[in-house]
Amino acid sequence: MRLSRAFLPTLKETPTEAQIASHRLMLRAGLVRQTSAGIYAWLPLGWRVLRKVEQIVREEQDRAGAQEILMPTIQTADLWRQSGRYEAYGPEMLRLKDRHEREMLYGPTNEEMITDIFKSYAKSYRDLPRNLYHIQWKFRDEVRPRFGVMRGREFLMKDAYSFDLDQPGAVDSYRAMMLAYMRTFQRMGLRAVPMAADTGPIGGDLSHEFIILAPTGESTVFYDADFENLDWQKSDFDSAKKADLATFYQQITSMYAATDEKHDLGAWANVPELRRREGKGIEVGHIFYFGTKYSNAMGLTVAGPDGKPVVPEMGSYGIGVSRLVGAIIEANHDDAGIKWPDTVAPFRVAVINLKVGDTTTDAFAERLYGHFHDDPMYRNDVVYDDREERAGAKFADADLLGHPWQAIVGPRGAAAGRVELKRRASGERLDLSLEDAIARIRS
């Protein structure tokens, strides 16, 4: 993409309504625009990031054996009455009526709907286990929506739902999802801490929330430093290796993690002093095992191996996809702007032409841009700043937008066949030949 043709409404001044870094930077970088309280339009660069985050979530759900579907945003109130949650949920649920006066709602979650769908098709124990997920927009009418996409009223969420024949199988599904979450956040360049949590209105007796470590987080987190060091990508989902999942879960739960409200000083004392960490955190995911709460309420049964009816055990697993975009920025920014991890950046490479109109500089910059544009791996991940702007403005925008790599081309460098390569995350600058610059970025 050429920036001269891009819809990129950046702002020089910090919006007065933005209270936290991610909200300020998303507005300044032209990622989103607020249309009403807690509701945002995603502009081209923000939409690119959102889709990349969504795709990583999708790939790790698929890898864990979950199957993607798509459920509607509007649900009938009758489903929620079956579970007993329609009246109990509270005013954050957006209730409405259609033209026939039927009571409907804009779904804040989908336990009832997925149970109703599954019971229409699952008849036998052979239909279990199954895990179904979708990535869909939700609405919760927050009393005070704030912090941009971190606490909006409309948000994109991945919610998955597992169905198992018995409690041990349900726990295996729960552990597989926990591992999938740790993989997901690690791929986004984030450090995640799973923490035992209350089940809230979802219900059940086993729950973990996932806290992303960020200097500007909402709450204080005490945790074992081992959470920062383990490589979750090396673990396996193979159903034949359930012992591996059990070992993984035991490893996770043996580490210490607590918020300031739940700080257990008997447990904290057991963490070696060199591994004790204190930081700030942002919740971006929550998983629940709630047994037969919804399957019982919704009349879901299957024939067991002996022919007798069995009520399946269930769990649900949520990730705030749009919230993650804000959390990533909170964890990766400085005074100049965003520092995107490579995997979620709107563009991984920015070619910056410092003297548009100079024949040598234009030719060299076009050549560099062409190398990436012709490469299938980078074709949609390179942006060319060909605007007739002063160099300072281009540098400021590149840092604000957070491109992981900045390939800077000026008249002297172009004449010598050299590129100044800047790594946004570290600030490192290298003077390289065109070929070496390309190789460095690709490596």
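Treat the numbers as computed from the prediction; the structure is a model and nothing was measured.

## Here's the deal with the sheet that holds strand β19 (residues 349-353)
Turning to step 1, where the next piece is worked out: Across the sheet, five strands lie side by side as β20-β19-β21-β22-β23; this open sheet has mixed pairing. The two strands at the open ends of the sheet, each matched to only one other strand, are β20 (382-385) and β23 (429-433). Pairs of neighbouring strands in the sheet enclose a mean axial angle of 25°, with direction left out of account.
Turning to step 2, where the next piece is worked out: Across five bridges, the pairing between strand β22 (residues 418-423) and β23 is antiparallel. The residue bridging Val419 from the neighbouring strand is Leu432, located in β23.
Turning to step 3, where the next piece is worked out: Across the face of the sheet, helix α11 (residues 359-373) comes into contact with β19, β20, β21 (405-409) and β22 while running at roughly 165° to β20.
Turning to step 4, where the next piece is worked out: Sitting on the sheet, helix α14 (residues 434-442) touches β19, β21, β22 and β23, and the angle it makes with β23 is about 125°.

## A few points about the nonpolar core
Turning to step 1, where the next piece is worked out: Ranked by size, the top nonpolar core spans 81 residues in total, and within it Leu31, Val53, Phe185, Met188 and Trp340 carry the most contacts.
Turning to step 2, where the next piece is worked out: Here the element with the most residues in this core is helix α5 (residues 167-187); it accounts for 10 residues.
Turning to step 3, where the next piece is worked out: Those residues in contact with Met188, other than ones at most four positions away along the chain, are Val53, Ile56, Val57, Leu324, Ile328, Pro341, Thr343 and Val344.
Turning to step 4, where the next piece is worked out: By size, the runner-up hydrophobic cluster in this structure holds 23 residues, among which are Leu105, Leu128, Tyr161 and Met298.

## A look at the packing of aromatic side chains
Turning to step 1, where the next piece is worked out: Inspection of the entire model under this criterion finds 13 aromatic pairs.
Turning to step 2, where the next piece is worked out: Considering the side-chain rings of Phe185 and Phe210, the 6.0 Å spacing of their centres and the 50° angle between planes classify their relative orientation as tilted. Highlighted residues: Phe185 in helix α5 and Phe210 in strand β10 (residues 206-213), separated in sequence by 25 residues.
Turning to step 3, where the next piece is worked out: Taking 5.6 Å as the distance between ring centres and 75° as the angle between the ring planes, the aromatic pair formed by Phe222 and Trp268 counts as edge-to-face. With Phe222 in strand β11 (residues 219-224) and Trp268 in helix α8 (residues 265-268), the pair connects residues that are 46 residues apart, well separated along the chain.
Turning to step 4, where the next piece is worked out: In this structure Phe222 comes out as buried when scored by relative accessible area, which is 11%.
Turning to step 5, where the next piece is worked out: On the accessibility criterion, Trp268 (12% relative accessible area) is buried.

## A look at the sheet that holds strand β6 (residues 103-106)
Turning to step 1, where the next piece is worked out: Spatially, the three strands line up as an open sheet ordered β4-β6-β5, and their pairing is antiparallel. Whereas interior strands pair on both sides, the edge strands pair on one side only; in this sheet they are β4 (74-76) and β5 (94-97). Geometrically, the sheet is characterised by an average inter-axis angle of 35° between neighbouring strands, direction not taken into account.
Turning to step 2, where the next piece is worked out: The pairing of β5 with β6 spans four bridges and is antiparallel. Note on β6: the bridge partner recorded for Arg95 is Leu105.

## Things to note about the pattern of salt bridges
Side chains bearing opposite charge may pair, as long as their charged atoms lie close to each other.
Turning to step 1, where the next piece is worked out: As enumerated under the stated definition, the model contains 36 salt bridges in all.
Turning to step 2, where the next piece is worked out: Arg187 serves as the salt-bridge partner of Glu60, at 3.0 Å between the closest nitrogen and oxygen. Of this pair, Glu60 sits in helix α2 (residues 44-63) while Arg187 sits in helix α5, and the two are 127 residues apart along the sequence.
Turning to step 3, where the next piece is worked out: For Glu60, a relative accessible area of 1% translates into the label buried.
Turning to step 4, where the next piece is worked out: Relative accessible area serves as the criterion here: at 28%, Arg187 is assigned to the partly exposed category.
Turning to step 5, where the next piece is worked out: Among the salt bridges present, the one from Glu420 reaches Arg429, with a minimum N-O distance of 2.7 Å.

## Observations regarding helix α1 (residues 21-28)
Count 3.6 residues to each turn of an α-helix, and residues three or four apart come out pointing the same way.
Turning to step 1, where the next piece is worked out: Counting buried positions along α1 yields seven of eight residues, so the element is predominantly enclosed.
Turning to step 2, where the next piece is worked out: Every buried residue belonging to α1 is among Ala21, Ser22, His23, Leu25, Met26, Leu27 and Arg28, and all of these are buried.
Turning to step 3, where the next piece is worked out: For α1, the secondary structure elements touched by its buried residues are β1 (32-36), β2 (39-42), α10 (321-331), β17 (333-334), β18 (337-338) and α12 (391-401).

## Let's talk about α11
Turning to step 1, where the next piece is worked out: Look at α11: 20 Å from first C-alpha to last across 15 residues, which is about the 21 Å you get at 1.5 Å a residue.
Turning to step 2, where the next piece is worked out: Where α11 is buried, its residues contact β19, β20, β21, α13 (411-416), β22 and α14.

## Considerations on the environment of Leu45
Turning to step 1, where the next piece is worked out: Relative to the helices and strands, Leu45 resides in helix α2.
Turning to step 2, where the next piece is worked out: Given the relative accessible area of 4%, Leu45 is considered buried.
Turning to step 3, where the next piece is worked out: Measuring from C-alpha to C-alpha, the distance between Leu45 and Val32 comes to 8.4 Å, with 13 residues separating the pair along the chain.
Turning to step 4, where the next piece is worked out: Setting aside residues no more than four positions away along its own chain, Leu45 makes contact with Leu8, Leu31, Pro346, Phe347 and Leu401.

## Remarks on unusual backbone geometry
Turning to step 1, where the next piece is worked out: Residue Pro129 is reached from Leu128 by a cis peptide bond, and omega for that bond is 0°.
Turning to step 2, where the next piece is worked out: With respect to the helices, strands and loops of the structure, Pro129 is situated in the loop between α4 (111-119) and β7 (130-139).
Turning to step 3, where the next piece is worked out: A positive phi is found at Glu101, a non-glycine position, where the angle reads about 65°.
Turning to step 4, where the next piece is worked out: Unusually for a residue other than glycine, Phe147 sits at a positive phi of about 65°.
Turning to step 5, where the next piece is worked out: One can find Phe147 in the loop between β7 and β8 (154-164).
Turning to step 6, where the next piece is worked out: Judged by its relative accessible area of 15%, Phe147 is buried.

## Here we look at the side chain of Asp159
Turning to step 1, where the next piece is worked out: The topology assignment puts Asp159 in strand β8.
Turning to step 2, where the next piece is worked out: Asp159 gets classed as buried once you look at its relative accessible area, which sits at 2%.
Turning to step 3, where the next piece is worked out: The residues touching Asp159, leaving out its near neighbours within four places in the chain, are Asn110, Leu132, Tyr133, His134, Lys138, Tyr317 and Gly318.

Rules of the game
Residues numbered from 1 in each chain as written. Predicted model: local features only at pLDDT ≥ 70, side-chain atom pairs only at ≥ 80, totals over all residues. Heavy atoms only, no water. Pairing = 2+ DSSP bridges. Helix = DSSP H or I, 4+ residues; strand = E, 2+ residues; numbered from the N terminus. Axes fitted to C-alpha atoms, helices over the stretch in contact; angles between N-to-C directions. Contact = heavy atoms within 4.5 Å. Core = buried A, V, L, I, M, F, W, Y, C linked by side-chain atoms within 4.5 Å. Buried < 20%, exposed > 50% of the residue type's maximum accessible area, 1.4 Å probe, protein only. Phe/Tyr/Trp six-rings, centres within 6.5 Å; stacked < 30°, edge-to-face > 60°. Salt bridge = Lys/Arg side-chain N within 4 Å of Asp/Glu carboxyl O. Expected span 1.5 Å × (residues − 1).

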